[in-house]
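Residues per chain are reported as follows:
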Amino acid sequence: MRESVQAEVMMSFLVSEELSFRIPVELRYETCDPYAVRLTFHLPGDAPVTWAFGRELLIDGVGRPCGDGDVHIAPADPEGFGEVLIRLQVGSDQALFRAGTAPLVAFLDRTDKLVPLGQERSLADFDALLDEALDRILAEEQSAG
């Protein structure tokens, strides 16, 4: 069985109302983390930046505004499904990206064929994931302190 789905799409990085540029963004979904999708943004002159958030958030955001916290996704035009806006925020800093809906839907369709929506729990070993996350947090705290 295949264990991941990957795609590369071009998105517009909206720096301001007057300035935007297109960047490649890698979309990735893995069965080892069946609830999440990862978007890796390849900004010119910077190291790639990866954001992970719920697959269901991306699915919902294609059709309607959604998201709390650091990730907000919404159709660019409430009347149509041509483009999606993705806003990522850390503290007071934020970045806004515009992507075509069609490549996102194609990617999400492939993830659904790999792990149907609602079937994620059958793949997730929550005890192992929790242990791994706690070990990583403790290791980071020990190296920082």
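One can find the structure itself at the top, above this paragraph.
Residues numbered from 1 in each chain as written. Predicted model: local features only at pLDDT ≥ 70, side-chain atom pairs only at ≥ 80, totals over all residues. Heavy atoms only, no water.

Caption draft 1: Spotlight on helix α2 (residues 101–114). The end-to-end C-alpha distance of α2 is 20 Å, a good match for the 20 Å that 14 residues give at a rise of 1.5 Å each. When we look at burial in α2, the residues that qualify are Thr101, Leu104, Phe107, Leu108, Thr111 and Leu114. Along the long axis of α2, the arc covered by the buried residues comes to 145°, so they all point the same way. Those residues of α2 that are exposed and angled more than 90 degrees off the buried face are Ala102 and Lys113. Elements that come into contact with the buried residues of α2 comprise β1 (4–14), β2 (20–30), β3 (36–41), α1 (55–63), β6 (83–90) and β7 (93–100). (Helix = DSSP H or I, 4+ residues; strand = E, 2+ residues; numbered from the N terminus. Expected span 1.5 Å × (residues − 1). Buried < 20%, exposed > 50% of the residue type's maximum accessible area, 1.4 Å probe, protein only. Arc of directions from axis to C-beta. Contact = heavy atoms within 4.5 Å.)

Caption draft 2: Structural detail: the packing of α1 against α2. For the pair α1 and α2, the least separation of the axes is 11 Å and the interaxial angle reads 140°. The angle between α1 and α2 places the two elements in the oblique class. The element α1 and its partner α2 pack so that their crossing is left-handed. Of the residues in α2, those in contact with Arg55, Leu58, Ile59 and Val62 of α1 are Thr101, Leu104, Val105, Leu108, Thr111 and Asp112. Partitioning the contact of α1 with α2 into residue classes produces six nonpolar, two polar and two charged. (Axes fitted to C-alpha atoms, helices over the stretch in contact; angles between N-to-C directions. Parallel < 35°, antiparallel > 145°, perpendicular 65-115°, else oblique. Left-handed = near helix turned anticlockwise from the far one by under 90°. Nonpolar A, V, L, I, M, F, W, Y, C, P; charged D, E, K, R; others polar.)

Caption draft 3: Main features of the packing of aromatic side chains. Under the counting rule described, the total for this entry stands at three aromatic pairs. By way of ring pairs, the aromatic residues Phe13, Phe21, Phe41 and Phe97 are connected into one cluster. (Phe/Tyr/Trp six-rings, centres within 6.5 Å; stacked < 30°, edge-to-face > 60°.)

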